[in-house]
Amino acid sequence: MRNIRWIVAGLVSACGCGEASNGLGTDGMGASSTGAPPASSDGGGTPTSEGVDSGDGAATSADPATGADSSAGDDGPPPPMACDTASLFEPGTHTRIAVDVDGVSRTYDLFVPTSYDPMALAPLVLNFHGLLGSPSQQASFSQFNGIAEGHSMLVAYPAGIGNSFNAGVCCGQASSSGVDDVGFARALVADVASKMCVDPRRVYATGMSNGGHMAHRLACEAADMFAATASVAGVLSLITPCTPSRPVSMLQFHGTADTIVGYNSVPPVMPMMEAWAARNGCSGQPETTFDQGDIQCQTWPSCNGEVEVSLCTIDGGGHCWPGNESCVFGHSSTELHASEAIATMFDTQLLP
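Residues numbered from 1 in each chain as written. Predicted model: local features only at pLDDT ≥ 70, side-chain atom pairs only at ≥ 80, totals over all residues. Heavy atoms only, no water.

As for the nonpolar core
For clarity, the threshold we go by: By nonpolar core is meant a set of buried Ala, Val, Leu, Ile, Met, Phe, Trp, Tyr and Cys residues that side-chain atoms within 4.5 Å join together. Using a 1.4 Å probe on the protein chains alone, a residue whose accessible area is under 20% of its type maximum counts as buried, one over 50% counts as exposed, and one in between counts as partly exposed. Labels follow the DSSP assignment, with helices taken as runs of H or I lasting at least four residues and strands as runs of E lasting at least two, numbered in each case from the N terminus. The contact definition used throughout considers only heavy atoms, calling two residues in contact when any of these lie within 4.5 Å.
By size, the foremost hydrophobic cluster in this structure holds 35 residues, and its most contacted members are L110, L126, L154, V192, M196, L218 and F226. Only β2 (92-101), β3 (104-112), β4 (122-128), β5 (154-158), α4 (181-195), β6 (198-208) and α5 (210-221) provide two or more residues apiece to this core. Of the residues forming this core, the biggest block, seven residues, is contributed by α4. Residues in contact with L126, not counting those within four places in the same chain, are A156, A185, L188, V189, Y204, A205, T206 and F226. Ranked by size, the runner-up nonpolar core spans 33 residues in total, among them V125, A148, M153 and Y204.

Concerning the packing of α4 against α5
Put simply, the rule reads: Note on geometry: axes are C-alpha line fits, over the in-contact stretch for helices, and angles between N-to-C directions span 0 to 180 degrees. Angles below 35 degrees are treated as roughly parallel, those above 145 as roughly antiparallel, those between 65 and 115 as roughly perpendicular, and all remaining angles as oblique.
For the pair α4 and α5, interaxial distance at closest approach is 10 Å and the crossing angle is 80°. Taken together, the axes of α4 and α5 are roughly perpendicular relative to one another. Between α4 and α5, the contacting residues are D181, V182, A185 and R186 on the first element and M214, R217, L218 and E221 on the second.

A short note on the packing of aromatic side chains
What counts is decided by this rule: Pairing of aromatic side chains here covers Phe, Tyr and the six-membered ring of Trp, requires ring centres within 6.5 Å, and sorts the geometry by plane angle: under 30 degrees stacked, over 60 edge-to-face, intermediate tilted. Definition used: whenever NZ (Lys) or CZ (Arg) falls within 6 Å of the ring centre and also within 35 degrees of the ring normal, the charge is taken to sit over that ring.
Applying the stated criterion across every chain yields a total of two aromatic pairs. Ring geometry for Y204 against F346: centres 4.5 Å apart, planes inclined by 10°, an arrangement best described as stacked. Taken together, the residues Y204 in strand β6 and F346 in helix α7 (residues 338-347) connect sequence positions 142 residues apart. Assigned by exposure class, Y204 and F346 land together as buried. Lying over the aromatic face of F184, R106 brings its terminal NZ or CZ to 3.8 Å of the ring centre. One Lys or Arg, R279, reaches over the ring of W276 and ends 4.6 Å from the middle of that ring.

What to know about the pattern of salt bridges
Basically, it comes down to this: Whenever a carboxyl oxygen of Asp or Glu lies within 4 Å of a side-chain nitrogen of Lys or Arg, that contact is scored as a salt bridge.
Enumeration according to the criterion identifies five salt bridges in this entry. With a shortest N-O distance of 3.0 Å, R106 and D181 are connected by a salt bridge. One end of the pair, R106, is in strand β3; the other, D181, is in helix α4, with 75 residues separating them in the sequence. Judged by relative accessible area, D181 falls into the buried class, the value being 1%. R202 is paired through a salt bridge with D199; the nearest N and O atoms lie 2.9 Å apart. Given a relative accessible area of 6%, R202 falls into the buried group. By relative accessible area, which is 6% here, D199 ends up buried.

So, helix α6 (residues 269-279)
Defined as follows: Each direction from the helix axis to a C-beta atom contributes to the arc, which is the arc of those directions.
Buried within α6 are the following residues: V269, M272, M273, W276 and A277. The buried side chains of α6 occupy one side of the element, clustering within an arc of 145° when seen end-on. Against the buried residues of α6 lie α5, β8 (249-255) and β11 (309-314). Phi turns positive one or two residues past the end of α6, at G281, with a value near 65°.

Considering the pairing of β3
We count it as follows: Strand pairing requires that DSSP identify at least two bridges connecting the strands.
Here eight bridges tie β2 to β3, and the two strands are oriented antiparallel to one another. Looking at the pairing, A98 lines up with T107 of β3. Linking β2 to β3, which pair antiparallel, is a turn of two residues; within it D102 sits at a positive phi near 50°. When β3 meets β5, the two strands line up antiparallel, connected through four bridges.

Here's the deal with the environment of S140
Tracing the chain through its elements places S140 in helix α1 (residues 135-142). The spacing of S140 and N324 is 184 residues in sequence and 9.5 Å in space, taken between C-alpha atoms.

Focus: the side chain of N280
Position of N280 among the secondary structure elements: in the loop between α6 and β9 (287-292). Apart from residues lying up to four places away in sequence, N280 is in contact with R246, P247, V248, C303, N304, V307 and V309.

Describing the confidence of the model for the chain
Which entries qualify depends on this criterion: For every residue, the pLDDT score states the predictor's confidence, bounded by 0 at the bottom and 100 at the top.
Confidence in the prediction of the chain, expressed as mean pLDDT, is 84, and 77% of residues score 70 or more. No element of the chain has a lower mean pLDDT than strand β1 (residues 48-49), at 39, and none a higher one than β5, at 99. Across residues 1-73, confidence stays below pLDDT 50; counting only partners more than four residues off in sequence or on other chains, it has 202 contacts.

Comments concerning the state of the cysteines
Test applied: Counting rule for disulfides: a pair of cysteine sulfur atoms within 2.5 Å.
Counted by the stated rule, this structure contains six disulfides. Each disulfide pairs two cysteine sulfurs, and for C282 the partner residue is C303, the sulfurs being separated by 2.0 Å. Where C282 bonds to C303 through sulfur, the torsion about that S-S bond is close to 100°, and the disulfide is right-handed. Taken together, the positions of C282 in the loop between α6 and β9 and C303 in the loop between β10 (295-299) and β11 put the pair 21 residues apart, joining distant regions of the chain. Per residue, the accessibility class of C282 equals that of C303, and both read buried. One disulfide bridge connects C297 with C312, the sulfur atoms lying 2.1 Å from each other. Residues C297 and C312 are joined through a disulfide that is right-handed, its torsion about the S-S bond being 110°.

Below you can see the structure in the form of structure tokens.
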């Protein structure tokens, strides 16, 4: 049975992700403190490359605590398959890449790790920012790029309409205007796949706050495309029933002292995850799979399709990304880096 027991190996705070950056402003949902947009293109709509983003940390393929290769092992990713798509982008961060979604121009940033092999199919992660945030802010706050190096993952950072995503009842302009952000996610994946060597069985979604809400929505409505999903300080905010087309993994990180998206608000986090376990046909009570310092992770056993449903609760944790010690909205734990845990779980999950 595949589950979150990889956490027991000791994915702890010394993640090797470089300097911590809170990436937050005063909006309460992950906004840039300057309100600045993502790094600019060349002015003519052509994406620009800025090189590997050193602010997100040095590349590493080793477990942050033990030095072991976190992507290896029985539950590691499958051997890479050959690719016949020519790669458009070199390693580095490429900004404001445009994609048409039903006549509306949307943009995203793309991180290509130096470990990317243009001749092999690579996993792709969509990493959604919080309300009033931006792609560059989310890259900095989640510190995901440094982690992606060790897992040879492409990482796309979507830009929301009005710096928001329509995850259902939340949030901002995207929700009030009924923006089709599920369609945007699908179009973004297709666009990256037309430019880079993407493994269609290894496409994933994660995000912070409003972006975490979006990960939940994609698990409900796009399980045919996303092999697994993970949310940090986000919740399922759909009014309509959540009916995934298949069992789909969900890993949730949430602090009990989050004053922005409350642990016991609507919906309460534990009942929400119990509902995910029920949808996925998991059996029995959740088992404790990590218990260190202020973080305890629980995993529901024997889920259909070998998917994983896990909740990591941060005792006293605020509206923060665990592993990044800098957070202006409360306490952030450094016992476990959420990005490493998420990437490691993604490594075990394939689209059927």
